[in-house]
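Results of the structural survey
Residues per chain, in single letters:
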Amino acid sequence: MTPGPAAAPGPTVRTVLGDIAPDRLGVCDAHDHLFMSSPQLPGQELADADAAAAELRTFRDAGGTSVIQWTPYGMGRNAAELPWLARESGVTIVAATGLHQAAHYHPDVLEGLSTSTDLAELFVGELTEGMGAMGAPGTDGGSAGSGDSSGPRPRAGMIKVAGGFHGLDRHARYTMTAAAEAHRATGAPIGVHLELGTGGLDVLDLLCGELAVPPDRVILGHLNRSPDFTVHRMAADSGAYLAFDGPSRANHPTDWRMPDAVAALCDAGFADRILLGGDTTTAAARAVNGGPGLRYLLRRLRPRLEATVGAAAVRGMLTANPSRAFAAEWPRPT
């Protein structure tokens, strides 16, 4: 894929309401979900727009300013609802294009995306023209929810892809190749789901080695789920961003080690590579349904980390770091 047209001066963050200066992200949940559905999570869909709005209000009331939704193509993003949610809640929302592991899709969703070039064109279209503009299925591009779904399609502001458990299968290599092509055309950052926090170095070998994506354009997710401090340090030393997210999940017993992992990175001089998020993936996990929700990041995790590494370091993880990680010099429209 050939590069897009010349970029506008200076980096901006692409939100569902348009591009903004990076410092306007404010206090940022760097990895979460407002809408999501998957065959792997039957009956646990995030599909209620009113519940999403209420959840965003709890986050705002806890001091939150922005949320990065990592739900990619074909997984019920309800993209047309996102501008209404941003306006209604006052919380800035950045959405994702991209593709998760194949297991998260019904086979018909992946039909027609037979080459990495096809997939890269889809990603570029969603980053530059709008989500769903390339034919996203069902509730992915829009739905009949509480908001006004008319008007221009919101654009994605990042690319989300996924690795496997301690390795990369054919599907992962295919989607990451497409993500790299789309990055070259747009400058968009690439967020990577690491299965149980593993395989991060393999991802960097592929994306930053073979495919020549600059490391500071890559965000490795779920590192708290594999508390290998040596791997964390090696990944940070590459220049990539490291996302510690999902700290409230009872099925991830390693999460209690997150403060130690963050402290080890800070001690090694990598506080500027750390991002923090909640990764709410089921309706039961929402605060409005009695779960920890988006606000857990600020109500519980923030003071826990401040007690370990200090308030200034945590403030940087919630503000300065995401403002760099999610900013890009987007191509001018033609």
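Residues numbered from 1 in each chain as written. Predicted model: local features only at pLDDT ≥ 70, side-chain atom pairs only at ≥ 80, totals over all residues. Heavy atoms only, no water.

Further remarks concern the pairing of strand β10 (residues 241-244). Covered by surrounding structure in β10 are Tyr241 and Ala243 together with Leu242 and Phe244, the residues of both alternating faces. Sheet topology note: the strand β9 (residues 218-221)/β10 ladder contains 2 bridges and is parallel. Opposite leucine 220, over in β10, you have leucine 242 as the bridge partner. As a crossover connection, the stretch from β9 through helix α7 (residues 229-238) into β10 is right-handed. (Buried < 20%, exposed > 50% of the residue type's maximum accessible area, 1.4 Å probe, protein only. Helix = DSSP H or I, 4+ residues; strand = E, 2+ residues; numbered from the N terminus. Pairing = 2+ DSSP bridges. Right-handed = clockwise from strand over helix to strand, strands pointing away.)

It is worth spelling out the packing of helix α1 (residues 49-61) against helix α2 (residues 82-89) at this point. Where α1 contacts α2, the axes come no closer than 9 Å and their chain directions differ by 40 degrees. Judged on the interaxial angle alone, α2 and α1 are oblique. When the axes of α1 and α2 are compared, the crossing they make is right-handed. Counted together, Ala49, Asp50, Ala52, Ala53, Leu56, Arg57 and Arg60 of α1 and Trp84, Leu85, Glu88 and Ser89 of α2 form the full contact between these two elements. In the contact of α1 with α2, the residues fall into 6 nonpolar, 1 polar and 4 charged. (Axes fitted to C-alpha atoms, helices over the stretch in contact; angles between N-to-C directions. Parallel < 35°, antiparallel > 145°, perpendicular 65-115°, else oblique. Left-handed = near helix turned anticlockwise from the far one by under 90°. Contact = heavy atoms within 4.5 Å. Nonpolar A, V, L, I, M, F, W, Y, C, P; charged D, E, K, R; others polar.)

Our next topic: the pairing of strand β3 (residues 28-32). The buried fraction of β3 amounts to 5 of the 5 residues, a majority that puts the element mostly inside the structure. By the bridge criterion, 3 bridges tie β3 to strand β4 (residues 66-69) in an arrangement that is parallel. Looking at the pairing, cysteine 28 lines up with serine 66 of β4. You can see the chain leave β3, run along α1 and come back into β4, and the turn it takes is right-handed.

Pairing between side chains becomes possible if they bear opposite charge and their charged atoms approach one another. The final tally for this structure, using the stated rule, is 7 salt bridges. Two residues, arginine 14 and aspartate 19, come together in a salt bridge whose shortest N-O distance is 2.9 Å. Between glutamate 210 and arginine 173 there is a salt bridge; the shortest N-O distance is 2.9 Å. Placement of the pair is glutamate 210 in helix α6 (residues 200-210) and arginine 173 in helix α5 (residues 170-186), with a sequence separation of 37 residues. The exposure class assigned to glutamate 210 is exposed, which follows from its relative accessible area of 56%. (Salt bridge = Lys/Arg side-chain N within 4 Å of Asp/Glu carboxyl O.)

What follows covers the side chain of arginine 225. Locating arginine 225 in the fold gives a position in the loop between β9 and α7. Within the local environment of arginine 225, its side chain forms a polar contact with the side chain of aspartate 279, the two groups lying 2.7 Å apart. (Polar contact = N/O pair within 3.5 Å; in protein donor to acceptor, adjacent residues only side chain to side chain.)

The next thing to look at is α5. Over its 17 residues, α5 runs 24 Å from end to end, which matches the ideal 24 Å to within 8%, given 1.5 Å per residue. The element α5 is largely enclosed, with a buried count of 13 among its 17 residues. Taking the backbone nitrogen of histidine 171 as reference, a side-chain oxygen 3.2 Å away marks aspartate 169 as the first, capping residue of α5. Among the residues trailing α5, glycine 187 stands out with phi positive, at a value near 85 degrees. (Expected span 1.5 Å × (residues − 1).)

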